[in-house]
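Coordinates in review
Single-letter residue listing:
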Amino acid sequence: MNRNRSSSFTTTKYGTMSRYSNNKIDSFSENEDTVPIGSLNILSAKYESLDYEVVENFVYRDEERKKGYQYVVKKNFVRWIIFFWIGVITATVGIIIDLSIENIADFKFSHVKQYIEECNQKNCLWRPYILLLVYNVVPVLIGSTLVAYVEPVALGSGIPQVKCYLNGIKIPRLVRIKTLFIKVIGVITTVVGGMCGGKEGPMIHAGAVIAAGISQGKSTTFNKDFGVLNYFREDNEKRDFVSGGAAAGVAAAFGSPVGGVLFSLEEGASFWNQGLTWRIFFASMISTFTLNVVLSAYHGHPGELTYWGLLNFGKFNNFALSYEIFELPIFVIMGIIGGLTGALFCHLNYKLTVFRMRHLVSRWKKVLEAILVCCSTATVGFLLMLWRNDCKPSGLDPTKYAVQLNCNDGEYNYMASLWLQVPEASVRSFFHDPEESLDVATLVYFAIAYYLLTIWTYGLSVSAGLFIPCLATGAAWGRLIGIGVQFIFPGADVGKYALIGAASQLGGAVRMTISLTVILIEATGNITFGLPLMICLLTAKWIGDYFTESIYDIHIQLSGIPLMAWDPPPLSSNIYANEVMSHPVAVFKSKETVGQIIDTLKTYTYNGFPVVDGIFNLDSEESYCNNYKPNGRLRGLILRSQLIVLLQNKVFNEVPSAWDNVSLTTFRQDYPRYSNIDSIEILESERHYTIDLLRFMNPSPYIVQHMASLPRIFRLFRAMGLRHIVVVNDSNEVVGMVTRKDLTRYRVWRHRGTLGVVELRISAK
Ligand code: ATP
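Just so we're clear, the structure is a prediction, and the values are computed from it rather than from any experiment.

Reading guide: rules and limits
Within any chain, residue numbers begin from 1 and follow the written order of that chain's sequence. In view of the model being predicted, local features appear only for residues whose pLDDT reaches at least 70, and side-chain atom pairs are presented and counted only at 80 or more, with totals across whole chains, interfaces and linings using the full set of residues. Each side-chain value is worked out from all heavy atoms of the structure, with water and hydrogens disregarded. We call a residue near a given molecule or strand whenever any one of its heavy atoms falls within 4 Å of it. In protein, a polar contact requires one atom able to donate a hydrogen and another able to accept it; more generally it is a pair of N or O atoms within 3.5 Å, and residues adjacent in sequence count only if both atoms are side-chain atoms. Areas reported as accessible are Shrake-Rupley estimates using a 1.4 Å probe. Residue values count occlusion only from the protein chains shown. A run of H or I in DSSP becomes a helix once it reaches four residues, and a run of E becomes a strand once it reaches two; helices and strands are each numbered from the N terminus. Residue type decides the class: Asp, Glu, Lys and Arg count as charged, Ala, Val, Leu, Ile, Met, Phe, Trp, Tyr, Cys and Pro as nonpolar, and the leftover types, Gly among them, as polar. In a helix, the anticipated span is given by 1.5 Å times the number of residues less one. Only protein chains enter the accessibility calculation, which uses a 1.4 Å probe. A residue is then buried if its area is under 20% of the maximum for its type, exposed if over 50%, and partly exposed in between. Note on definitions: a residue-residue contact is assigned when non-hydrogen atoms from the two residues lie within 4.5 Å. Two rings from Phe, Tyr or Trp (for Trp, the six-membered ring) form a pair when their centres are within 6.5 Å of each other. A pair whose planes differ by under 30 degrees is stacked, one over 60 is edge-to-face, and the rest are tilted. Any Lys NZ or Arg CZ that is within 6 Å of a ring centre and within 35 degrees of that ring's normal is treated as a charge sitting over the ring. Here a salt bridge means any side-chain nitrogen of Lys or Arg lying within 4 Å of a carboxyl oxygen belonging to Asp or Glu.

Let's talk about the site of the ligand
Around the ligand sit 19 residues in total, of which Ser49, Ser582, Asn607, His724 and Asp742 are the nearest. Between the ligand and glycine 608 there is a distance of 3.0 Å, counted from a nitrogen atom to a backbone nitrogen or oxygen. About the coverage of the ligand: the protein hides 95% of its 600 Å² of free accessible area. Where the shell around the ligand is concerned, the elements lending two or more residues are strand 11 (608–613), strand 16 (734–739) and helix 26 (740–744). Classifying every residue of the shell around the ligand by side-chain character gives six nonpolar, seven polar and six charged.

Examining helix 13 (residues 440–457)
For helix 13, built from 18 residues, the straight-helix expectation of 26 Å at 1.5 Å per residue is met to within 8% by its first-to-last C-alpha distance of 25 Å. Looking at helix 13, one finds that the buried residues are Thr442, Leu443, Phe446, Ala447, Ala449, Tyr450, Tyr451, Leu453, Thr454, Ile455 and Thr457. Downstream of helix 13 by one or two residues, glycine 459 has phi in the positive range, about 105°.

Looking at the side chain of threonine 288
Tracing the backbone through its elements, the reader meets threonine 288 in helix 8 (residues 274–298). Residue classification places threonine 288 among the buried residues on the basis of a relative accessible area of 0%. Within the structure, threonine 288 has its side chain in polar contact with the backbone oxygen of serine 284 (distance 2.7 Å). Excluding residues that lie within four positions of it along the chain, threonine 288 makes contacts with Ala251, Gly255, Pro257 and Trp308.

What about the packing of aromatic side chains?
Evaluated as defined, the whole model comprises 30 aromatic pairs. Residues tyrosine 129 and phenylalanine 382 carry aromatic rings whose centres are separated by 5.4 Å and whose planes lie at 50° to one another, so their mutual orientation is tilted. Here tyrosine 129 is found in helix 2 (residues 126–150), whereas its partner phenylalanine 382 is found in helix 10 (residues 363–387), with 253 residues between them in sequence. Here tyrosine 129 falls in the partly exposed class, since its relative accessible area comes to 23%. When its relative accessible area of 4% is taken as the criterion, phenylalanine 382 is described as buried. Each member of the aromatic cluster is reached from another via a ring pair, and the members are Tyr71, Phe83, Tyr231, Phe232 and Phe241. Stacked on the ring of tyrosine 52, the Lys or Arg arginine 239 has its end atom at 3.7 Å from the ring centre. Positioned over the ring face of tryptophan 566 is arginine 718, at 4.6 Å from the centre of the ring.

Points about the pattern of salt bridges
Counting across every chain of the model gives 27 salt bridges. Residues glutamate 327 and lysine 496 are paired through a salt bridge, measuring 2.9 Å at the closest nitrogen-oxygen approach. In this pair, glutamate 327 is assigned in the loop between helix 8 and helix 9 (328–359) and lysine 496 in helix 15 (residues 494–510), connecting sequence segments 169 residues apart. Comparing glutamate 327 with lysine 496 shows no difference in burial state: the two are buried. With a shortest N-O distance of 3.9 Å, arginine 428 and glutamate 424 are connected by a salt bridge. Of this pair, arginine 428 and glutamate 424 both sit in helix 12 (residues 423–432), four residues apart, roughly one helical turn. Shared partners join several salt bridges into a network, and the residues in it are Asp98, Lys199, Glu200, Glu424 and Arg428.

Here it is as structure tokens:
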């Protein structure tokens, strides 16, 4: 079959100019063979969509008729129970991560401190340096090897992948238990290994895996089906649980239940409803509460409940976070700085990621790079400790591992205390340490070193998040600005500026606005400071967006994932369905032969097929020449997965006994991994048998008229979380097919304030 498009693209020396140029937005796309690895202009065909649409076929209605209201009540009740356990288990995983890091890091830093103090006198500082290297390299080697060799999808924080899942894209192995194990070990080893990474971001991924795991009543990793919760084995149900898991992860990580709900809302708003909001909020609250109870008890004050989240900003007093009108412009300027440094961060990390994609492909090279970065981080930290003799009187600073390194008796080296603690503790130091304890040069060196090391670390084959390193960098330069402000207006609190700097830096890199503002408000526990936080985050986002995409979006685009944007491309109302659709369409008759179904499934990789009456031959010369020759009158839409189940169970019209056993459970049995068409055994004699597709197809799929505009189709996809839309003509005859990839091909492209629309290529890779 020839797939053909009717859009008015013309080829130029730059590639393909889109018809948008008529609307004054110029765009071009590269030719597929010239698209280099690491191009932002390709969509990978290997990413499939999730099916959020409920197929209300005869089987579905049958089930609903038989089960009655009792079933609805039971299902709802079970839903709440599952959300409860999502909260509890997510918090438990958070506690395991937190306590492991705390105890291992405690052991490491006290040992290194002891060596530094001994060698400070004896001139043998190479010994603690080697010790630090060993303590860092061993865990990083373990974590990185696991990520590179066992489960690469556990890389990084997992936030971009969870974002894609909520957007409607199947990311292979993302929500498996095995991925969770690797992630947990990976995060612990990365943070303990002294790398610029945090444990908070990965909690979102951990929550998502836990939710997907316990809601399905089976585990692929352990090859175990408990035979329960069958009714939740559908993409739309699973997605709701995953949103709850992600929210519970945010809640546990930052002690921010509302931020968790908003995170899920921000990433997957297309399917929001009131019931789901309640359940997600419930899971988030349970998660925060569980974490709080256990950690408070662990730290010896069970009744107080003071450990709201893994990330602890420490206590700001009300005076510290009060502000005056004249300070607002300063916050805006800090937002601008955060936006600029965030954009530079994204750009440099993008270049580095492209380099990695081209040259660091083999797994051993990835592990080697992680080790190199780990050693460099330790070396930079150690050199800064030796070089910068920032001596302060002992007792000034609450640091646990104060060392005297190159200082007089009764003093400690402040730079050393910043590096001999987990990055989170450094963030707290910038927020709360007394004004005299930090001087300008220490802050400058720390901010620059941490900024560059974080750029190098993000994207390595290790599991760790970006939040803490960004907060640490921003808090350092924010405090620096605070010192400047204090110089002009004595009495200003430097910790407040450190907080704004931290928020601006993070906002400039990740560009999450609503949820991040609320997360930071909840983490600081001060609502009145919400406005300054929002101002700096919005400014950082606007400035950052002017130059680059967010760091998450860059990584998503580099992977070629067809993520649906929030809004349709601008000025696209003059583009019609018949310009974006594929045609002719691979369709089935309502009563189709087994042979034809098998041949079609083997020929095409499509996952959705319209079911029609009055089909004509798609391969005929006539159909090829006439682009709009309709494929017959639309009756419904059938999915590849449904056809596979029908073939596997031999639900043929000629075998009446097979019909008795078909129910929704038959279709849920293999969810979410259905057999491949090549593995289905059909006898030659069965090829002439027929299947009545009317009974199993979706009888009312979403359709649009061929003259529907691109923004309308886009909004329908976005709001309903669709996978396919059938395009019909005035007589309800099928003329085309539109999928997520057809729409995500049109990407808004910004470069230094210029707006354009680039048309992406779909690559098989
Ligand atoms: P997904 O991969 O999102 O799960 P899918 O496999 O059905 O869905 P895509 O991979 O998005 O479809 O489709 C790739 C291209 O094939 C798109 O341009 C789409 O319009 C086209 N296409 C999809 N289904 C059909 C079909 N039944 N007949 C003809 N073209 C189709």
